[in-house]
Each structure stands twice: as C-alpha cells, then as structure tokens.
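# Examining the three-dimensional arrangement
What follows is each chain in one-letter form.
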Amino acid sequence: EREFLNRIVLHWSSSSQFAGESAFAEERERQTERKKEMFSLERALIGFAAAVGDSVSRRPAMHVVGSLVAFGLLAVGILLVEVESDVFKLWVDDSTNIKEQMDHYDDAYGFARVQSIILTAKENKTLASKEAFEEMEALEKWFVSVEYDHVGEQYSGKVKYENLCYKVVDTTDETPCFHFTPLDCFKQGMQSLPGLTNNTKYTQSYTSRADFSDESQFDFGTDFTKAFIDDSCKEWYNLPTPLKMIFGGTEFVENDEGDSAVVSSLGAMRNVFATRTAEKLAERGVLTTEWLDSGDVETDILGCPLDVTAADCSCVDSFAITSVAAYGCSPNGGSQPATCCDDFMEPFSTHPCARYLYQRNPSASAIGSLILTSCGLPAIDMGTSDCHLQPDGVTKYQQPYTGYDTTKTAEECQVIMSDAELTAACDDFENSYENATKCCAMVYDASKQMCHCRYLDTTPEQAYFSTFGKNFETYAGKCLKDDESYEACPLVPPPPSPPPPGEGYSCIGSLNDYLTALQLAMADPSNQANGLAMCTLAQAYYGNYCMCDANVIQAVTANPALASATSDLINQGVASSCGTVNIAVRAHACASTQKTQHDTCASNYDDYRTKCLTVLGTVAAGGTPTAVELSNCCNAANVMAADACPCVNVDDGYGVDRSISSTSDIRLSFILNAPGQGCVDVLGSAGFTANTYTCTSPPSPPPSPPPRDPTYTLPRHVRHPVDESEAESILEGWEKAWLDGIEEATKDFEHIDVTWFAARSLEDVITDASRSAYGFIAIGYALVVVFCFVFFIEGLFAQRGKPPGPVPAILATIVCILSTAASLGFAAFYVEAGLKFNAITLQVVPFLALGLGMNDYFVFAKYVGISHAESPKGSSAQYIIRKAYRKAGASITASSVTNFAAFCLGAITPIPAVRAFSIQVAMTVVCNYIAAVVIFPCLLLFDLQRHVNANPDAVGNRGHSTKKEESNSKDADSSSCVRCLGALASFIFRLACVLLSAGFFVFCAVGIDKVKLGLDLQDVVPSYSYIYDYALNTRDYFATYQVSLVSTGVNFATTTKNQALLEHDFVTAPNVDADYGSVNYLRYFADETTGKVSGGEVCGEDVVWLYDYINLDESLEECASINSDLTLTSSEQKLKCFRTCMNAEPQMAYAPTTHNPNVTEASQMYRCSYNATNNHCVCPWRQVYKPSLYNQNLQTFLDGGERGQISQTLMVTNSTPTDVGYTTISNVRAIFYVEDVFTLEDKLNHIRNARKIVENSKLVTEDGATVYPFDYSLYALNEQYLNIEKNTIRGLGISVAISFVVMYPFVTSLWLDVILTFVIAVIQIELYGLIHWIELKLNAVTMVNLIMTVGISIEFVIHEARAFAEAKGTRPQRAAQALSEMGPAIFASAFTTFLAILPIVGADYEYFQMYFFRMYAMILFVGLFNSLVTLPAILSFIGPPELIEDAVHDSEVKLDEEMV
C-alpha cells in the first residue's frame, strides 16, 4: 500500500512539473552546446581530483609524513608571532586619510599618556557636597603619592607622578603637572604641584580660590553655581576648564536670588592626569626634586627683595605670571576685583622691575597690559618709544608728525571751530557714541592746529575763543585719558623763576632738578653717570625730608605727574640703588622720631650757621671776635649739640662734619671742642660747658627671633637619562602600581564610587584577550572528538560496520590542530608586512579553522561511505578511495576555492585587525585544503583497509551494472530517498518549505533598517573588569572630546586672517562649545603683539589687524569695571565708558574728519564698538606682526613666558634655521571641545559637518593649506562608521558576484549557478537583518563576518548542488537524493563547527561571545536552514535538468578499466 501511494505521489509530482519541463525544453537544447564547454571544465576538475587521489592512494604514508613535516616546519613560525595591542593600530580605518592624519598627529602632538578616574555618588549620597569633595581630595593625594620602586640599567629609585607627569607649560622644573580635576575650582586643586606646599612659586595660583572645607568660604547649597564653575574652575595657568570635561550629568536650578543657576544634580565627576609618553620621557629624563631650606626671605609682589632696584631685576626671572590669580586677577581682561587692582596692579605699575619683566616675559606684557587697562591704571613706562603717532592713529618709526598747520590764525580757527558738523556732533555727545567719537576727533584735530590757544590772543575774537577755550578743557575731560591733555600752548608765558636760593636747603627749589635726574636714571639704568648724578641729588632731597615738605606736597597735589616726589616706594628703591655705589640716601617715613629730630635741628640750623660763620669769618680775616659774638655762636652750637643734630644723618646739611669751604667749616665738634679755639677752651673760664652727644655707637641690634621651623621651598632638580625602552618600563610599572592600589585606597569611601582607566588598561585587556584560550580550545576540540566518535560509531567494528570509523575522524581533528598551527605560523612570517596578530586571531581562528577543516572531512567521509557501497565486489581500499576522490575531491576543491576567495574578500575591509583576521583565516583554508586532499584520504584509506580486510563482502556489487540496471538502481534509490525524507515529494510540503523560507526571509529583512552602528568600549571589555564600569560611566556622563584642528602646508605668516576665520567657522560645527572657543597660538601671539604696540615697543606700521571672531564676550569688554562702580551714576558710567572706548589701545584712535584729510578709512574700521543697551565697549581687533616680521619675532614669543610655552605645544616648528635664518611654523593645531555627542549618530553628524567646514574654509580653498580635525576616540575610531553601510553592501555584492564566477566551473550548469547565487544572496540578507534581532551592531567585525559568510554559505550549498546535478530522475527525486546524500554531512559539518565554537560561550570576554559565538551560531543556523529547507525546495521546483554528460561517471569508467 505504501509503495502504491508513493508511486502515486511520484507520478503526481512528476506531472506537476510538466509545465516546468516544457519551459526548460528550449533551455535544455541551448545547454547542450554550453555543456560541452562546461563539461570540459568539469572534466578538468574531476581529472585534477582523480590525479591527486591516484597519487595519494599509491603512497599514502609518504604523503602523510611529508604533509605533517611541512605543517610542523610552518608551525615554527608561531615563535615569530607579534601580538598587536594598540587599539588605534588595530581598529582605525586605513582606507581613508584618517590613518595618515593619526600618524601625523601622533608624531607632532603625541606628548602624553592619559590616566582617568570617574567618580559617581553612592546610593542616597550626592557629589555636590563637602564630604564627596573631601574624599576626592583624599583620592588625589593618594594618587600623586603612589610610589613605584624601579630597578633599571640607567635609573633605579622611587617613581611618583611628579617624576613622570606631562606639563603643558614646561618653563621650569617645578611647574605644575597637567591635570583636569573638579578640585581646580578650589584651593585644594594644588595636588598637581610638584612638591605640593613646598612649591611656593606656584601655590599662589590656588591660594585665592575658595576652600570647600570651610563652610564660611563656600556653601555647596548656594555657592556651587554655573557662574562659579565658569569663573573658578581653571587650570593653574588660568585656562578655563570646560564644565563638561570634569562634570557629567549636571543639572541646574535658579537660586533664591535668581542671579545664578545652582547645581541641583551632579551625575559624575572626572579627574584626568597625564604622564609623558615613553618617547618624551626618554627625551626629558626622569625628574627628581629635593626641596631645601630656603631660609626667611621677605619679598615683594614680584618675589623680589624689598630693597630691589632697577639695576638688578634678576629676581623676576622666576616670577610666575599665574601668581596674579592669588589676587583675583583675570588674565582675559574684563572686570577686575579691587584685590587685583589695588593690592597688585597699582604697586606693580610703579615697581622698578616692571619694565624688565615686560621685556623678558611677553606673556606678562600681554596679560599685564590687559589687566592694567581693566583697572584703569596707566601702562608700564617702557622708556622713550621710537613710535610716533600719525593722524590716522598708526604709529611709525619716524619723527613726530608735523603735518598739522600750527600757524592757524584766529579767523581760520574760528572757521574750524564753528563747523556745523562739529557743533552737531559735540551737542549730541552724551546721546550718541558715534557723535562723541566724531566730536573728540574733530576737537583733537583742532587742538593739533593750536586753535585751543588762540583765545589767549589780544584779537577782537578774544571773548569768543576764550569761551571756546573753556570748551576745549571740557572736551579734554570727556575725550582724553585721565593722564593726558591737549598740547601746551606756546603763547602761555613760562612759570616764574624760583626765588633766589636761601642760605638753607630748599626742597621745592630742588624738586625739578631731582625728578629730572630720577627720570633720566630710570630711563637708562645702564648709564652710570646719570645714576650717580641722581644719587647725589637724592641724598640731599631725602636727607632733608623733602617728601614730607608742605610745599612739595602742595605741588604734587596740584600736578599728579610729580607723584614720584612723595612716593615711599620710589624713596626705598632709590635708597637701595644708591647704596650699591656707596652713596647713603635716607629711606624714611614722614611720621617718625627721626623726622622730628630733623625738623628741630633744621629750625635751629640757620641761627647756628649765621652766628658761627660770623666768628669764623672774623678769625679768617685776622681779627678777633667780640665776646658777644663768641657767646652767641657757642650758645647756638650748644643748642645743636643738645639735640644731637650730628646724629640725624651723616650728610644732611645741618652742620654735621661738613666742610663748606676750603678754609673754614662749621663742624660742631670743631666749634665746641677745637683745642685753644673751641668754645670750651675760650669760654670755659666763664662757666661754659659744652653739651655732649655720641653718634659712633651703632643702635642695638633687634632681639634674635625665636627658632623657626625650616621652610623647604628651594628646589634642587636632577634629571636621570633613560632610553625609550626603560622609559616605557618605568611608565608601565608606575601605572601598575596605582592600578593595583586604588581599590584598597578607596574601599572606605562613604560618598563616592570610583572607576578608573590607565593608559595601559585597554592594551592590557587586548593583550590578555590575545593570549589564546588553550583550555577553551581543548574543550572545543574534545567536543568535536566526542561528536566524531558518536557520529561514526557504526564503523568502529570493521566486521559488521560501515566505513569509515571514528578513529580517522579523531585523527583528522588532531590534523586540524596542526594545520591551524601551520597556517598561523605561515602568517607569522608576514608580520613585517603588517600582518600582525591580535585577539581575534588567537581567540577565534582556532575554533573556526577546526570547524572548516572538519567540514571537508565529513564531506570526504560521506563520499567514502557512498563509494564503499557502490564499488564492485572485491574492490580494494585504494580503488574505493580513488573512486571517492572523483566526487569528494572536486566538491572539496570547489568549496575550498570559494571559501578562500570569500575570506580573501574580507581583506578589502579598511580595519587592520579584521583584515589580518580575514587573511589568516584564508591561510587556514589553504592548509585545511591540503589536509583534506592529502592527509584525510590517507587516514580514511587506512581505515578502509581495515574494513575491506575484515569484511570484503560489505563492499557493494553495483560497480559493473548495465546502464538500465544502473538507472533502475538510481530510481530505486530515489524512491528510497523520498520514503526516507517523508513528504519532500509532496507539492504542498515543498510549497510550505518555500513559504516558510519566504516568511523567515521577510522577518530577517525587516531588521535591516533597524540595525545600529557602533562598537562601544563596554562591548569589548569583560564585564567583570574595572574598565567595564569606567566605560559605562563614560558612556552615560562624558561625551565631551578635545578635538585638535591641525593645519599644515601653508605660510602661517601670510595667512593669519584666514586662520582666525577658520577658528570662527569651526565653532559653528555641531556640538562644538562656541562659548569656550579654542586654544590656539595665534590668539596668544596677537595678545603679545597688541601689548607691545600699546606699550610703544612695536609701532603700528609693523603689524596687521586681526579680528577676534570668537572672543566677543565679556573678556573683551572694556567697561565692566565702570559698570560695577556703584559710586557713579548711570550718566557718569556712560560718559566714562565713552572715553574708555574711544581711547582703548591699540584700536585706531581717531575717526576721519572734514578738516583732517590725512586720516584714512582704516581709522574708522579698526575701532572698538559701543553697545548702548548695556553700556558695553567691545574691542575685537588684535594686532599681529606683518608677514615680513612675523617669523623674526616668533621665537622670542615662544621663549617668553607661559603663553609662549603653551603655544609650543600647539605647533611644530622647523628644527633648523630656514634660508632666512628665522624659526618658521611647520604645522599648528587649535584645540576645541565637542560636547554631548552621546550617540554614534551625533558623532558622525559632527564629523561630517566639521570636515565640510574645513574643506570650504578659505585657508584650504584660497591658501592651499591641508587642514584636518582630529581626536583619537571621536575621529579615528569612528571613521569606519561614516561609510560602513555602503562598504558592507558593496562588499556583499562583490562577494556574491565573485561567488557566482567561482562556482560556475564547479556546478556544471549556469542555471544552477544562478540558483545558488540567489540562495547565497538570501542568506546574506537574512544575516544582515538578524544582526538587529540578536542585538548586535554593524561594525568592522560584523561587516567582515557577513562578507566571509559568503564562503561559508557556499560550503553549505555547493555540495548539495553538485549532488543534485549528478543525480538522475525528476527534480523532486534529484533534490531528495542530493539531500539524502549530503544532508547528513552538511548537518554534521555545521554541528561540528558549532561544537568547535561552543567553548567561546565560556570566554572571559563577552565581546567574543557576542560577536563571534552568537554571530557564527546565527550563520550556522541560517546556512543550515537554507541548505536543508530553502535550497531543496527551490531545486525541486526550478532546478536544472539532468546532466547530458557525466564527467564523474566517465572518470569512474576509466578507473574501472584500470582496475580490470
């Protein structure tokens, strides 16, 4: 009954194919011709397989031994394996120029190794609290104190962070280390200082900051505001730290006063440390510092002795400009607090070494000029300037401008002064800044033509000009700086001559002579003659307490320009300077006992001098003084002696041992005590007694101070040279020390959880992952062995079993191990060519290679079993193997060639790690193929011999059947296959299979649009590792990157404008922090140049104007301090801001006027802009050297101070002088911050737009510069995702197309080739969509896995397709026969591969579990589903017809003839 039903089913199935058979009738005829050509390819392939089989079967032992020896020799190459652990060398796309950019950036700016710590709040705790910050402080103190004991060939000793740290500013060895930390907002941020509190030179950078531990200074509930963070969170050199670099997940809420947003929620805080790279550490050496007792040295604001003079200002060489932060000064200008202006800048402005500091430190000059302007203080007098102002506001190196007509008559001036334009402008002065500017410019021009002096004429217009002259005085107060006035009128009579000098010293009479001498001496400290002349005058001036003289004080009050005459600081400086040339100058205060004594002696001196000179004159003339004259003289002298006047000063002019002529003196000791002539001898008999005094005894020394504790603030540095190898060892040893200790150091923290990451962390993970998991490999191989034993258990007993048995399968597994070792060893020989090993190679290839190798074994074993059953009775084992070779050899060759091609296609990936993996797997395919066609057949031959010898009757008896018998036999087999496979012959069943396949395809395809891109750090590190938690915190809270915009290949001296313009354009890129702007050398260089122009050191004709596109905020606002002055009314604030804005330097000074044709348009262009809404004056123009002088001054700028040092880290200069002998710039970078790019889409959007901005910039399009934005994490690692979808689809398309070409010679039918290509394409589409459904992402690994699965897919379908092509009967019969023959082998192969990769489930790295086990399991499932369900169903409907010619059959006939 079953036979009858089966025949009905077969008949119905066959008839149902009639339409299909008819449709293919014409195709069959066309194929007849094509088959001849294809048959020749098939015959060649079968012939090749037969030739190999014949050779191997004759000398199996020789082939096995030879192959194993070859494998062994190749495996030796494993000793040469180099494992690459650098994440950027492994995973950066090198198909674009990003790799070139990364190498260029690394060479130019790869200075530092980063260590990072992220803090999060424990449950029910908050980070915005005193307690959390105290624990963070404790953590940082521990971090900088961690010691590593290094023992090396070149250096042995303890190593701490300060010995290795990277320094942005490296001017001196004690400069602070680089450090991003929330503690920088507070006094406690000084943890980055080498020597900590010993380093008094730089502690001042932090002493003015709030102390968070003192609640009276800082309250986290009210003071922790956004404004506080923006203003206070700065690195030690006062460069602001972007909020989102150190604080993550920050939320704000308005405080009660509504004046600032208070931190309401804080998700995480980040601390970033940096050490030098091994290369840079080798260049600089390991720095160790011993802090010595510096003693008690009292110094002033610049760190100089209190008695410092301009003659020796070497003390300021060690002055740190950042110390101004201790006084609250902001280096960016803007409003300055009183502590800055009054306590620092005012005394600094008169410091004898201020000019020296400006000359030696351009950073001090640039910053100091900004702050002095903000404080409303005069600029530092840099001496006589060679720059002279021209009418258009430019200063030039020439004589003062004389183009003004200073001989205007009163009538001519009246025309100028009555100009309607001037009148209208001046009348509207208070209302319009534009009119105020025009008014001041026109009045200034009129003053230059001396029109303000004409009212002094005795002309009829006197009354008019007298009135207008007063207006000049009015506008002088409105228009000019406080210390400026219009030109002095030449018609004003000179001041009256001073009265004839009296007998005594006249302070007011000596004032001008002394101040003139003082000015000359200060202008040129090197002029010794001027210095001596000044000291001589100063001795008398200060000796007579002239700074306290009422007339002098009155003169200074009337004319503040004479303020030096009463300055205590000037007095002290002069006394110190003159003391160096042994001229004693009194340094004193007006309110003192010594001053009282001086005044008393001064009041009595004239009386004493007059009376005693009378006596001396009479004696000198040969006469005799009268008794009254003698008594008057002696009594006056006794009064002087009673007041101890000789003790007032050695040379004060009051009769103390001073010779007034060559013949006479009035020395008190002579007058009183001269033998025979003095008062004692002459008048002693009359009862005269001289008062005594003693001046020779020095004053008693002050009591000794109590013993003090030593102050170790004097550093002694030693640099220990090391080579790069030892430097690397030191760095890694120190990193290991802190990594090993941090968990213990933080275990008792109650408020913060700590996660961390070192420069070596990721490499450690990769290195650890690169250590092949020998245990898992052994487990995988053991599982395969067990499966092979079970699968081939039937052939274990030769007498009653079917070959092959399990032994050759087990041996084949061992051969696969050696084959894999040989392939990896062979790959190791290509390490120098860039084919380096990585974690994927050593963790995945052994499993994958085993699966692929055993696939071939199962195919060969299946054909051996078939050949054993089909061979004639009495056939030898060699015959059976040779017969199996005809089918298996061709099939294995086909799959191996296509596999090799597919894996080689993986090499098209632009990711080095994946490319190396693809090539290494391709090499395993080659070695596995050699094993499959040489060693596996020999192993099977040995087992066959056992079976044939033990049971020769088991060999089949169909070897010499007739074609009719053979056909009947095939039909019988087909019927048997149908019976075995159930309803495969049923149309409904086959249609159900097609529909099932279609449904599965649709399900998978739906996921394609949902596939996400990316591979995050937490995806590739073990979940139990410390890096995993750090990666999660980074992902959740910190998506801010420091991006460098690198420019090269251009003349930087001639392109300053476009450099600044590019900076402005780049901040418009998505997510760039526009408020922060950038850090770049050009801004610092322009600030220095601007300061020099303001100080008269550089003239305006030597510079070009540069617009500051970015800093148009309060840092450029000139009226901030005015608006904060509550003593001024709003009207006064407005007018003062007008004046400030008009006189801001070095903006152009004057606007064009009708009566000054020499003024240019530039004078109106390069000006400050006034905003009436908020009474702000913004001065956006900067100055930088013109191209011809740019490079001449560059090196001076770079060597001068902190900003020059920072700029050195922002550029690469030529290492040798250029043709013109000056330093030039090779390339530069500007640093920007890209914020809140949490998703990959945000990152890619930023990258695309940023590059578009760069490509369209004028620096690129007009100047031809090469410019690229770069960051390792943001740009380098994400480059692959810009085009990964396109690259994946293209790679899959190419792979499928190549598979079509490669399979063509092996499948004997073009139509069959088309069907297989279609099924392979379906598999790829399904796999692509399943990436989403199994929660993976598209990245370089999944991309190459998809591309390589083309080869694996071929493995699934080609054996079955060849079996279908060679089968006889209807399409369902042939599909059933093919499935019956190859289905078990395909399933066994897939299951073997699954067992081989199954141990990956236990790998320590979830990354391998997800992206290799999970994905390869998916590949095996999809491949198996399509090979066992989809392909048979399709072949049963539209498979090609039977072969007209059978190359295998012909080869077997020939083999039979040879056997006979």
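Look up a bit, the structure's there.
Residues numbered from 1 in each chain as written. Predicted model: local features only at pLDDT ≥ 70, side-chain atom pairs only at ≥ 80, totals over all residues. Heavy atoms only, no water.

## What about the overall build of the protein?
Assigned secondary structure in the protein consists of 54 helices and 21 strands. Across the 1460 residues of the protein, 53% fall into the buried class. Sequence separation of 24 or more characterises 77% of the internal contacts of the protein that already satisfy a separation of 6 or more. Of the roughly 62,100 Å² of accessible surface on the protein, 55% is carried by carbon and sulfur atoms. (Helix = DSSP H or I, 4+ residues; strand = E, 2+ residues; numbered from the N terminus. Buried < 20%, exposed > 50% of the residue type's maximum accessible area, 1.4 Å probe, protein only. Contact = heavy atoms within 4.5 Å. Areas by Shrake-Rupley, 256 points an atom, 1.4 Å probe, with all protein chains shown as cover.)

## What about the sheet that holds strand E19 (residues 1211-1213)?
Ordered by their spatial adjacency, four strands build an open sheet running E19-E20-E14-E21, and the pairing between neighbours is antiparallel. Looking at which strands have only one partner, the edges of the open sheet turn out to be E19 and strand E21 (1266-1270). Taking each pair of neighbouring strands and ignoring which way they run, the sheet shows an average axis angle of 15°. Two elements, E19 and strand E20 (residues 1225-1234), share three bridges in a ladder whose sense is antiparallel. Along E20, the bridge assignment pairs Val-1212 with Asn-1227. (Pairing = 2+ DSSP bridges. Axes fitted to C-alpha atoms, helices over the stretch in contact; angles between N-to-C directions.)

## Focus: helix H22 (residues 550-558)
Among the residues of H22, Val-552, Ala-555 and Val-556 are the ones counted as buried. For H22, the angular spread of buried residues about the axis comes to 100°, placing them on one side. Facing away from the buried surface of H22 by more than 90 degrees, the exposed residues are Ala-550, Gln-554, Thr-557 and Ala-558. At the N-terminal boundary of H22, the capping side chain belongs to Asp-549, with an oxygen 2.9 Å from the backbone nitrogen of Asn-551. (Arc of directions from axis to C-beta. Polar contact = N/O pair within 3.5 Å; in protein donor to acceptor, adjacent residues only side chain to side chain.)

## Points about empty space enclosed by the protein
Taken as a whole, this structure holds twelve cavities of 30 Å³ or more when the rule is applied. Considered as a void within the structure, the largest cavity measures approximately 160 Å³ in volume. Gln-1059, Glu-1063, Asn-1080, Val-1228 and Ala-1230 are, among the 14 residues lining the largest cavity, the residues nearest its centre. Taken together, the residues of the lining of the largest cavity break down into nine nonpolar, three polar and two charged. Contributing to the lining of the second largest cavity are 15 residues, with Asn-855, Glu-1355, Phe-1356, Ser-1389 and Ala-1390 lying nearest its centre. For the lining of the second largest cavity, the secondary-structure elements that each account for two or more residues are helix H32 (839-870), helix H51 (1340-1366), helix H52 (1371-1397) and helix H53 (1406-1438). Of the residues forming the lining of the second largest cavity, the biggest block, five residues, is contributed by H52. Across the lining of the second largest cavity, the residue classes break down as ten nonpolar, four polar and one charged. (1 Å grid on protein atoms, 1.4 Å probe; cavity = no way out; pocket = protein on both sides within 12 Å on 5 of 7 lines; lining within 4 Å. Points joined across faces, edges and corners; volume = space filled by probe spheres on them. Nonpolar A, V, L, I, M, F, W, Y, C, P; charged D, E, K, R; others polar.)

## Focus: the state of the cysteines
For the structure on display, the rule yields 16 disulfides. What pairs with Cys-329 in a disulfide is Cys-340, and their sulfur atoms sit 2.0 Å apart. Judged by the torsion about the S-S bond (110°), the Cys-329/Cys-340 disulfide is right-handed. Here Cys-340 lies in helix H13 (residues 338-349) and Cys-329 lies in the loop between strand E9 (286-293) and H13, a separation of eleven residues in the sequence. Residue classification places Cys-329 among the buried residues on the basis of a relative accessible area of 4%. (Disulfide = S-S within 2.5 Å.)

## Let's talk about the pattern of salt bridges
Close approach of charged atoms lets side chains of opposite charge pair. Counted by the stated rule, this structure contains 32 salt bridges. Its salt-bridge partner being Arg-276, residue Asp-170 comes within 3.2 Å of it at the nearest N-O pair. Here Asp-170, found in the loop between helix H8 (161-164) and strand E4 (179-180), pairs with Arg-276, found in strand E8 (residues 268-276); they are 106 residues apart in sequence, far enough to count as distant. As far as burial versus exposure is concerned, Asp-170 and Arg-276 are alike and both buried. Here Arg-1362 and Glu-1366 are joined by a salt bridge, their closest N and O atoms 3.4 Å apart. Here the residue Arg-1362 and the residue Glu-1366 both occupy positions in helix H51, the gap between them amounting to four residues, near one helical turn. Neither residue differs from the other here; Arg-1362 and Glu-1366 are each classed as buried. Salt bridges linked by common partners bring Asp-54, Arg-882 and Arg-886 together as one network. (Salt bridge = Lys/Arg side-chain N within 4 Å of Asp/Glu carboxyl O.)

## A closer look at the nonpolar core
In this structure, Trp-91, Phe-133, Phe-224, Phe-247, Phe-917 and Phe-1412 are the most contacted members of the largest nonpolar core, which totals 292 residues. With 22 residues, helix H34 (residues 912-950) is the largest single contributor of residues to this core. Contacts of Phe-133, omitting those with residues within four sequence positions, involve Leu-127, Pro-182, Leu-183, Phe-186, Phe-212, Phe-220, Phe-224, Phe-247 and Met-269. In this structure, Ile-416, Ala-436, Cys-439 and Ile-1122 belong to the second largest nonpolar core, which totals 34 residues. (Core = buried A, V, L, I, M, F, W, Y, C linked by side-chain atoms within 4.5 Å.)

## Section: a negative patch on the surface
Among the surface-exposed residues, Asp-106, Asp-107, Glu-153, Glu-279, Asp-723 and Glu-724 lie close enough to one another that they form a single negatively charged patch. Looking at Glu-153, the relative accessible area reads 81%, which means it is exposed. (Patch = residues over 30% accessible without salt bridge, like charges linked within 9 Å, V, L, I, M, F, W, Y side chains within 5 Å. Lys, Arg positive; Asp, Glu negative; His and termini not counted. Charge placed at Lys NZ, Arg CZ, Asp CG, Glu CD.)

## Quick notes on the packing of helix H49 (residues 1284-1307) against helix H50 (residues 1310-1333)
At their nearest, the axes of H49 and H50 sit 9 Å apart, and the two run at 155° to each other. Relative to H50, H49 is oriented roughly antiparallel. Crossing of H49 against H50: the hand is right-handed. Here Glu-1285, Thr-1288, Ile-1289, Leu-1292, Val-1296, Ser-1299, Phe-1300, Met-1303, Tyr-1304 and Val-1307 of H49 come into contact with H50, specifically with Leu-1310, Leu-1312, Asp-1313, Val-1314, Leu-1316, Thr-1317, Ile-1320, Ala-1321, Gln-1324 and Tyr-1328. Within the contact of H49 with H50, the residues separate by chemical class into 14 nonpolar, four polar and two charged. (Parallel < 35°, antiparallel > 145°, perpendicular 65-115°, else oblique. Left-handed = near helix turned anticlockwise from the far one by under 90°.)

## What about the environment of Ile-779?
As for its position among the elements, Ile-779 is in helix H30 (residues 774-791). You can call Ile-779 partly exposed: its relative accessible area is 44%. Separated by 620 residues in the primary sequence, Ile-779 and Pro-1399 have C-alpha atoms spaced 6.5 Å apart.

## Some points on the side chain of Asn-1033
Positionally, Asn-1033 belongs in helix H38 (residues 1026-1037). Once residues lying within four places of it in the same chain are set aside, the contact partners of Asn-1033 are Ile-118, Thr-120, Thr-755 and Phe-1038.

## Some details on a nonpolar patch on the surface
On the surface, a nonpolar cluster with roughly 380 Å² of combined accessible area is contributed by Leu-80, Phe-826, Phe-829 and Tyr-830. On the secondary structure map, Leu-80 appears in the loop between helix H4 (60-75) and helix H5 (87-91).

## Here's the deal with the packing of aromatic side chains
Scanning all chains against the criterion turns up 69 aromatic pairs. Considering the side-chain rings of Phe-186 and Phe-218, the 4.9 Å spacing of their centres and the 85° angle between planes classify their relative orientation as edge-to-face. In this pair, Phe-186 sits in the loop between E4 and helix H9 (200-207) while Phe-218 sits in the loop between H9 and helix H10 (226-232), placing the two residues 32 residues apart along the sequence. One aromatic cluster is present, formed by Phe-787, Phe-791, Phe-792, Tyr-857, Phe-858, Phe-936, Phe-1387, Phe-1391, Phe-1394 and Phe-1413 through successive ring pairs. It is Arg-990 that lies over the ring of Phe-1437; its NZ or CZ is 4.6 Å from the centre. (Phe/Tyr/Trp six-rings, centres within 6.5 Å; stacked < 30°, edge-to-face > 60°. Lys NZ or Arg CZ within 6 Å of the ring centre and 35° of its normal.)

## Points about the environment of Thr-339
Examined against the element boundaries, Thr-339 turns out to sit in helix H13. Sequence separation between Thr-339 and Tyr-327 is twelve residues; the distance between their C-alpha atoms is 5.5 Å.

## Considerations on the packing of helix H20 (residues 507-523) against H22
Packing of H20 against H22 brings their axes to within 8 Å, and their N-to-C directions diverge by 50°. Considered as vectors, H20 and H22 are oriented oblique to each other. Residues Cys-507, Ile-508 and Leu-511 of H20 form the contact with H22, whose participating residues are Asn-551, Val-552 and Ala-555. Among the residues forming the contact of H20 with H22, the class breakdown is five nonpolar, one polar and no charged.

## Focus: H49
For H49, which comprises 24 residues, the first-to-last C-alpha distance of 33 Å matches the rise-based estimate of 34 Å (1.5 Å per residue) to within 8%. All of the buried residues in H49 are Ile-1284, Asn-1287, Thr-1288, Gly-1291, Leu-1292, Ser-1295, Val-1296, Ser-1299, Val-1302, Met-1303, Phe-1306 and Val-1307. Just downstream of H49 lies Thr-1308, where phi reads positive at about 70°. (Expected span 1.5 Å × (residues − 1).)

## Things to note about unusual backbone geometry
Along the chain, Pro-803 connects to Pro-804 via a cis peptide bond; the corresponding omega equals -5°. Looking at the secondary structure, you find Pro-804 in the loop between H30 and helix H31 (806-828). The backbone phi angle of Asn-1071 is positive, close to 70°, even though this residue is not glycine. Note that Asn-1071 resides in the loop between helix H39 (1056-1066) and helix H40 (1081-1094). A residue is classified by how much of its surface remains accessible, and Asn-1071, at 27% relative accessible area, is partly exposed. Look at Asn-1175: it is not a glycine, yet its phi comes out positive at around 55°.

## Considering the environment of Ala-517
Positionally, Ala-517 belongs in helix H20. Owing to a relative accessible area of 12%, Ala-517 belongs among the buried residues under this scheme. With 20 residues separating them along the chain, Ala-517 and Leu-537 place their C-alpha atoms 7.9 Å apart. Apart from residues no more than four positions distant in its own chain, Ala-517 is found in contact with Met-534 and Leu-537.

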